[in-house]
Amino acid sequence: MGGTFDPIHYGHLVTAEEVRVKFRLTDVFFVPSGNPPHKLDREVTHPEHRYLMTVLATVTNLFFSVSRIEIDREGPSYAIDTIAQFKSFAGEDVDLYFITGADAFLSMDKWYKADELLKMCNFVAATRPGYPIEKLDTRFSGFIEIVEVPALSISSTDIRGRVKEGRSIKYLLPEAVEDYIFKNGLYRD
Ligand code: NAP
């Protein structure tokens, strides 16, 4: 499961659990992005903070782990490099699913080596109910499974905005992540 996780919230966690059960996955690896190539113009929270918040959020689920693969890799975080690395650990015969938000797939035509990537694994796009899936490029939509997750009305952008404005973020994300945000003064300015 790829994402910036800035910060991770219950929408991401419910998505991971839904997809795990639906596709009978043995494990879900959360992969916080290191240097998102499409976000060079926006300040993203330091990878170590995003990694630690992801660990705190996933610790209570036996099937969830967090990978440092993108954080520890130099250069831009391309999905194709991540999938190739997972394939080399797990073996070619393991069925891999790349899970992320549907909005991220909207720009898939610009992803590095997108056509090659499509042949490497299964893809799952998480959306909130009512999301217009026809927005997905028809070149890719046949390869992408859509999973609707009501909890995805929670968003990292909204949480960052709430912290900045001094509004509550309670019940939007695990308490340990909330504590971590305040302890480290994240998203205040
Ligand atoms: P994004 O553009 O920040 O997010 C797009 C939308 O998807 C947002 O609404 C976001 O909500 C949601 N989302 C992101 N991750 C999610 C998840 N795991 N589960 C459910 N919803 C999720 O996307 P991003 O986080 O930067 O990138 C997503 C993934 O695509 C990453 O693994 C990234 O490496 C990959 N990607 C690869 C390339 C490439 O290879 N060139 C290019 C772009 C993206 P929140 O803001 O609430 O998370």
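Higher on the page you've got the structure.
Calculation rules
Starting afresh in each chain, residues are numbered from 1 along the sequence in its written order. Given that the model is predicted, a residue must reach a pLDDT of at least 70 before its local features are reported, and side-chain atom pairs must reach 80 or more before they are shown or counted; all residues, however, enter totals for whole chains, interfaces and linings. Calculated side-chain values reflect all of the structure's heavy atoms, with hydrogen atoms and water omitted. The secondary structure listing takes helices from DSSP runs of H or I that are at least 4 residues long and strands from runs of E that are at least 2 residues long, numbered from the N terminus. Only the C-alpha atoms count toward the radius of gyration. The rule for a globule is 2.2 Å times the residue count to the power 0.38. Type-normalised accessible area, obtained with a 1.4 Å probe on protein chains alone, sets the label of each residue: buried when under 20%, exposed when over 50%, and partly exposed for intermediate values. In what follows, a contact means two residues having at least one pair of non-hydrogen atoms within 4.5 Å. The Shrake-Rupley method, run with a 1.4 Å probe sphere, supplies the accessible areas, and residue values consider only the shown protein chains as cover. A positive count includes Lys and Arg, and a negative count includes Asp and Glu. His and the chain ends are not counted in either. The atom standing in for a charge is NZ when the residue is Lys, CZ when it is Arg, CG when it is Asp and CD when it is Glu. We call a set of buried Ala, Val, Leu, Ile, Met, Phe, Trp, Tyr and Cys residues a nonpolar core when their side-chain atoms join them within 4.5 Å. Between rings of Phe, Tyr and Trp, where Trp is taken as its six-membered ring, a pair exists when centres lie within 6.5 Å; planes separated by under 30 degrees are stacked, by over 60 edge-to-face, and by other angles tilted. Two thresholds decide whether a charge sits over a ring: the Lys NZ or Arg CZ must be within 6 Å of the ring centre and within 35 degrees of the ring normal. Note on terminology: near, applied to a residue and a molecule or strand, indicates that one of the residue's heavy atoms is within 4 Å of it. As used in this structure description, the phrase polar contact means that two N or O atoms lie within 3.5 Å; if the pair is within protein, one of them must be able to donate a hydrogen and the other to accept it, and residues adjacent in sequence are counted only when both atoms belong to side chains. At least two bridges found by DSSP between two strands are what make those strands a pair. For helices, the fitted axis covers only the stretch in contact; all axes are lines through C-alpha atoms, and the angles between them, taken along N-to-C directions, range from 0 to 180 degrees.

Asks: I tried to follow the overall build of the protein on my own but got confused; where do I start?
Replies: Each helix and strand in the protein was counted, giving 9 helices and 6 strands. In summary, the protein has a C-alpha radius of gyration of 16 Å against a globular reference of 16 Å for 189 residues, a match within 12%. Its C-alpha atoms give the protein principal-axis dimensions of roughly 45 × 35 × 35 Å. Counting across all 189 residues of the protein, residues that qualify as buried make up 45%. Across the protein, contacts joining residues at least 24 apart in sequence account for 65% of those joining residues at least 6 apart. Total accessible area on the protein stands at roughly 10,300 Å², and carbon and sulfur atoms take up 52% of it. Each charge class in the protein was averaged separately, 22 positive and 28 negative side chains, and the resulting centres sit 3 Å apart.

Asks: Sorry, what's going on with the nonpolar core here?
Replies: The nonpolar side chains of a soluble globular protein tend to be buried with one another. Counting residues in each nonpolar core, the largest one holds 33 residues, and the members touching the most others are Ile8, Phe30, Met53 and Ile181. Looking at this core, the elements with two or more residues in it are helix H1 (10-22), strand S2 (28-32), helix H2 (47-58), strand S3 (64-66), strand S5 (122-127), helix H8 (156-165) and helix H9 (175-183). Setting aside chain neighbours within four positions, we find Met53 in contact with Phe5, Pro7, Ile8, Val177, Tyr180, Ile181, Leu186 and Tyr187. Counting residues in hydrophobic clusters, the runner-up holds 22 residues, among them Ala79, Ala102, Leu118 and Leu136.

Asks: Explain the packing of aromatic side chains to me, please; I cannot follow it from the model alone.
Replies: Between two aromatic rings, the relevant description is the distance of the centres plus the angle of the planes. Applying the stated rule across the entire model yields 11 aromatic pairs. Each ring, one from Phe98 and one from Phe123, has its centre 6.0 Å from the other, and the planes form 55 degrees; the classification is tilted. Placement of the pair is Phe98 in strand S4 (residues 97-101) and Phe123 in strand S5, with a sequence separation of 25 residues. Note on accessibility: Phe98 and Phe123 belong to one class, buried. Ring centres of Phe105 and Phe123 lie 6.0 Å apart, and the angle between their planes is 85 degrees; this geometry places the pair in the edge-to-face category. Linking Phe105 in helix H5 (residues 102-105) with Phe123 in strand S5, this pair joins segments that are 18 residues apart in sequence. According to the relative accessible area criterion, Phe105 is buried, its value standing at 1%. An aromatic cluster of at least three residues, connected via ring pairs, comprises Phe98, Phe105, Trp111 and Phe123. Here Arg20 stacks its cationic end above the ring of Phe63, 3.7 Å away from the centre of that ring. One cation-aromatic arrangement involves Arg68 over Tyr51; the distance from NZ or CZ to the ring centre is 4.7 Å.

Asks: I'm lost on the site of the ligand in this one. Help?
Replies: Around the ligand sit 23 residues, and of these His9, His12, His38, Lys39 and Ser156 come closest. Here His9 contributes a side-chain N or O atom positioned 2.8 Å from an oxygen atom of the ligand. One of the backbone N or O atoms of Ala79 is found 2.8 Å from an oxygen atom in the ligand. Burial of the ligand by the protein chains amounts to 88% of its free accessible area of 870 Å². Mapped by element, the contributors of at least two residues to the shell around the ligand are strand S1 (2-3), S4 and H5.

Asks: What should I look at first to understand the sheet that holds S3 in this one?
Replies: Sheets are built from strands that pair by backbone hydrogen bonding, the pairs being arranged parallel or antiparallel. The 3 strands are arranged S1-S2-S3 in an open sheet whose pairing can be described as parallel. Looking at strand neighbours, the two that pair on one side only are S1 and S3, the edges of this open sheet. Here 2 bridges tie S1 to S2, and the two strands are oriented parallel to one another. Opposite Gly2, over in S2, you have Val31 as the bridge partner. Against the sheet, H1 touches S2 and S3, its axis set at about 145 degrees to S2.

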